[in-house]
Amino acid sequence: MVGMTRQMHDMFKMDKRHYWLRDADLTYCAARYLILSDDLFFRPSGGYLLHLAVEKYFKAIRTVLRPQIRERKGGHDLSSLHSSLIKYVPALNTPEVQKAIEKVKHLANWRYLDSHTDQARSLLEDALAQADFLVANGRRAIHSEVRFQGLRRILQLTGDHRQR
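A few points on the structure. (Residues numbered from 1 in each chain as written. Predicted model: local features only at pLDDT ≥ 70, side-chain atom pairs only at ≥ 80, totals over all residues. Heavy atoms only, no water.)

## Considerations on the side chain of Ser-79
Note that Ser-79 resides in helix H4 (residues 78–83). Of note is the side chain of Ser-79, whose polar atom sits 3.0 Å from the side chain of Lys-105. If near-sequence neighbours (up to four positions away) are discounted, Ser-79 is found in contact with Ile-101, Glu-102 and Lys-105. (Helix = DSSP H or I, 4+ residues; strand = E, 2+ residues; numbered from the N terminus. Polar contact = N/O pair within 3.5 Å; in protein donor to acceptor, adjacent residues only side chain to side chain. Contact = heavy atoms within 4.5 Å.)

## Looking at the nonpolar core
Judged by nonpolar contacts, the single largest core of 34 residues is most densely connected at Leu-50, Val-54, Phe-58, Ile-61, Leu-92 and Leu-134. Taken together, the elements giving at least two residues each to this core come down to helix H2 (16–35), helix H3 (43–65), H4, helix H5 (95–105) and helix H6 (121–139). Ignoring sequence-local partners within four residues, the contact set of Leu-134 consists of Val-54, Val-97, Ala-100, Ile-101 and Val-104. (Core = buried A, V, L, I, M, F, W, Y, C linked by side-chain atoms within 4.5 Å. Buried < 20%, exposed > 50% of the residue type's maximum accessible area, 1.4 Å probe, protein only.)

## Here's the deal with the pattern of salt bridges
If you walk through the whole model with that rule in mind, you get six salt bridges. In this structure, the salt-bridge partner of Lys-105 is Glu-102, at a minimum N-O distance of 3.2 Å. Here Lys-105 pairs with Glu-102, and both are found in helix H5, just three residues apart, close to one helical turn. Its salt-bridge partner being Lys-103, residue Asp-126 comes within 3.0 Å of it at the nearest N-O pair. Of the two residues, Asp-126 sits in helix H6 while Lys-103 sits in helix H5, which places them 23 residues apart along the sequence. (Salt bridge = Lys/Arg side-chain N within 4 Å of Asp/Glu carboxyl O.)

## Observations concerning the side chain of Gln-130
Note that Gln-130 resides in helix H6. When residues no more than four places from it in sequence are discounted, the contact partners of Gln-130 are Ala-100, Lys-103 and Val-104.

## Details of the packing of aromatic side chains
In the structure shown here, the tally under the stated rule is two aromatic pairs. Ring centres 5.3 Å apart and planes at 75 degrees place the aromatic pair Phe-41 and Phe-42 in the edge-to-face group. A relative accessible area of 31% means that Phe-42 is categorised as partly exposed. (Phe/Tyr/Trp six-rings, centres within 6.5 Å; stacked < 30°, edge-to-face > 60°.)

## Details of the environment of Glu-55
Considering the arrangement of structural elements, one finds Glu-55 in helix H3. According to the relative accessible area criterion, Glu-55 is buried, its value standing at 3%. Separated by 31 residues in sequence, Glu-55 and Ala-24 place their C-alpha atoms 8.1 Å apart. Not counting residues within four places of it along the chain, the set of residues in contact with Glu-55 comprises Gly-75, His-76, Leu-78 and Leu-81.

Such coordinate-based values are descriptive only and should not be taken to indicate function.
As C-alpha cells, then:
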C-alpha cells in the first residue's frame, strides 16, 4: 500500500506535459481577459494570444499522446498541428473543428503591426467562440491526471481572475 505522503507527492508531480498544459491554460486566460476587457488597445494582443493558446493546446495534447514528436514540430501552423492529432483524437476530426481552426488561424498575423487590417470586434468575438470550442474539445483528450493541474487548479485559486 502506498503511503499518503507518496500519494500527495504523485498527485502534484509535474512533468513537461503539465507545463505545456499550464502554459496553454494561462495563455488562453490572458487572451480571454484582453479580448473581453473592452479596451481597443489590447485587441491585437488578445487576438494573437488566442491563436497562440490554441497552438499551445494542440502541442500539449500532442505532448501527452505522442511524446516522441518534438514540441516545436509544426511550428505555429494550426492546420499542421491539427493534422498530427486527428488520428489519435477522434473528437478533433470533425468539420466543426476544422471550421473553428479556420476562424482562429487568421489571428496569427495579429502579432505584426502591419499585417492586421481587420480588427473588427465581431471578427474577434467569433474567433473567441471558436477557440472556446477548440479548447473544450481538446482538453477532453488529455488524461485527467494531467488535466487536473491546469485550468481547474487556476480556477480554484482565489482572486479577481476567477470571475474574468
